[in-house]
Amino acid sequence: MDNRDEAKAFLSSRRARVTPEQAGLQHYSRNRRVPGLRRNEVADLAGISVEYYAQLERGNLSGVSGSVLDALARALRLDEAERAHLADLARAAGPAPRARRKPSTQQVRPGVARILELMTEVPAFVNNARLDVLAANPLAQALYAPFFADPARPANHARFAFLDPRARDFWLDWEQVANDTVAVLRTEAGRDPYDRAMTDLIGELSTRSDEFRVRWAAHDVRLHRTGLKHFHHPVVGDLHLNFETMELCADPGLTLTALSAEAGSSHDDALRVLASWVATHQPTDALAEPRADRRRR
């Protein structure tokens, strides 16, 4: 990605999103030509000159101070993920020699693999920054059977969501999954704009998917740490599972995600059924089940 273009598009898109009412402006013209705030209004709210803000919005974040970034974040009402993204863009534009981050590890250490193996009652897997799945325990492979059905490895969440027609049936909330997937990739791309593999992935998805291209142009970012995932599984039906994503501190760029259901719930029962089913089936055998046998809970 071009850092200046990314910074320009990100700041202008955040400015367009904030209304004068949200910014607490008491007096403003009702006859406005631009959506959201004007540049001079952002500058006033941030306590900087209009000329300086215009320079920043042209993508020149080199040398900008932390206090100015904080002021911009307040003026543009940025959330935690957006604040971090703005800081990443400024860091990448800095005048010092750009120390590129160590590429995301492509191998899972034996100790982490053993932890996954021992997690027999919860689906768990390890992702890199590009959303490649580098390792998954048997229950995760069974839960994500349509995802792993494509023999290409490593399996990739973004490719599945946007390029595999099975994704829209598998995800009960495909639109939200698509939004989250793009926002996570945008966040990671801002952290390391020189990751060639990330750039190649974004180029592939932009070329092959209109749905991805539209979302990428929105410049939304997100921290995808915890929440709910909603599945339609071909064997056990609908599942609503909590997820927790944890950074593997010894392996920069890798995260471990584990899913669970509320104790005693029908979704917990379904997970237990799936775990029992795993003992006698290959995970992708789920795809061969007759549709008449697939039930929605």
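Residues numbered from 1 in each chain as written. Predicted model: local features only at pLDDT ≥ 70, side-chain atom pairs only at ≥ 80, totals over all residues. Heavy atoms only, no water.

Caption draft 1: Region of interest: the layout of surface pockets. Within this model, the largest pocket holds a volume of roughly 850 Å³. Every residue lining the largest pocket is counted, 39 residues in all, and those nearest its centre are L131, V184, H224, T245 and T255. Here the element with the most residues in the lining of the largest pocket is helix α12 (residues 174-191); it accounts for eight residues. Residues belonging to the lining of the largest pocket are distributed by class as follows: 17 nonpolar, twelve polar and ten charged. (1 Å grid on protein atoms, 1.4 Å probe; cavity = no way out; pocket = protein on both sides within 12 Å on 5 of 7 lines; lining within 4 Å. Points joined across faces, edges and corners; volume = space filled by probe spheres on them. Helix = DSSP H or I, 4+ residues; strand = E, 2+ residues; numbered from the N terminus. Nonpolar A, V, L, I, M, F, W, Y, C, P; charged D, E, K, R; others polar.)

Caption draft 2: Inspection of the sheet that holds strand β5 (residues 255-260) at higher detail. The five strands are arranged β2-β1-β5-β4-β3 in an open sheet whose pairing can be described as antiparallel. Edge positions in the open sheet fall to β2 (133-136) and β3 (226-233), since each of these has one partner strand only. Here the strands of the sheet are splayed against their neighbours by 30° on average, with no regard to which way each runs. Here strand β1 (residues 124-127) runs beside β2; their pairing, made up of three bridges, is antiparallel. Opposite F125, over in β2, you have A136 as the bridge partner. The strands touched by helix α7 (residues 110-118) are β1, β2 and β5; relative to β1, the strand with the most contacts, the crossing angle is about 150°. Sitting on the sheet, helix α15 (residues 266-278) is in contact with β3, β4 (237-247) and β5, with an inclination near 85° to β4. (Pairing = 2+ DSSP bridges. Axes fitted to C-alpha atoms, helices over the stretch in contact; angles between N-to-C directions. Contact = heavy atoms within 4.5 Å.)

Caption draft 3: Here's a closer look at the packing of aromatic side chains. Enumeration according to the criterion identifies 14 aromatic pairs in this entry. A ring pair is formed by F170 and W171, whose centres lie 5.0 Å apart and whose planes are at 65°; its orientation type is edge-to-face. Given a relative accessible area of 1%, F170 falls into the buried group. Ring pairs connect the aromatic residues F125, Y144, F147, F148, F160, F170, W171 and F231, which therefore count as one cluster. In this structure, R168 is placed above the aromatic ring of W174, and the distance from its NZ or CZ to the ring centre is 3.7 Å. Cation over ring: R186 sits above W216, and NZ or CZ is 3.7 Å from the ring centre. (Phe/Tyr/Trp six-rings, centres within 6.5 Å; stacked < 30°, edge-to-face > 60°. Buried < 20%, exposed > 50% of the residue type's maximum accessible area, 1.4 Å probe, protein only. Lys NZ or Arg CZ within 6 Å of the ring centre and 35° of its normal.)

Caption draft 4: Structural context of the nonpolar core. If you look at the biggest cluster of nonpolar residues, it comprises 45 residues, and the most contacted ones within it are Y144, W171, L185 and F231. The element contributing the most residues to this core is α12, with seven residues. Setting aside residues no more than four positions away along its own chain, L185 makes contact with A129, R130, L131, A158, M198, L201, L205, F212 and W216. By size, the runner-up hydrophobic cluster in this structure holds 28 residues, among which are A46, L61, L69 and L76. (Core = buried A, V, L, I, M, F, W, Y, C linked by side-chain atoms within 4.5 Å.)

Caption draft 5: Broad picture of unusual backbone geometry. The amide bond that connects R153 to the next residue, P154, takes the cis arrangement and shows omega of 0°. Relative to the helices and strands, P154 resides in the loop between α9 (145-148) and α10 (157-163). Positioned with a positive phi, L131 is a non-glycine residue whose angle comes to about 70°. Considering the arrangement of structural elements, one finds L131 in the loop between β1 and β2.

Caption draft 6: Main features of the confidence of the model for the protein chain. For the protein chain, per-residue confidence averages 88 on the pLDDT scale, and residues scoring 70 or more make up 89% of the total. When the criterion is pLDDT under 50, residues 285-297 qualifies, and its contacts beyond four places in sequence or with other chains add up to 35 contacts. (pLDDT = per-residue confidence, 0-100.)

Caption draft 7: How the structure looks around the pattern of salt bridges. Across all of its chains, the model carries 23 salt bridges by this definition. A salt bridge links E175 to R215; the nearest nitrogen and oxygen atoms lie 2.4 Å apart. Of this pair, E175 sits in helix α12 while R215 sits in helix α14 (residues 210-216), and the two are 40 residues apart along the sequence. When its relative accessible area of 44% is taken as the criterion, E175 is described as partly exposed. Residues joined by salt bridges that share partners form a network here, namely R14, R17, E82 and D220. (Salt bridge = Lys/Arg side-chain N within 4 Å of Asp/Glu carboxyl O.)

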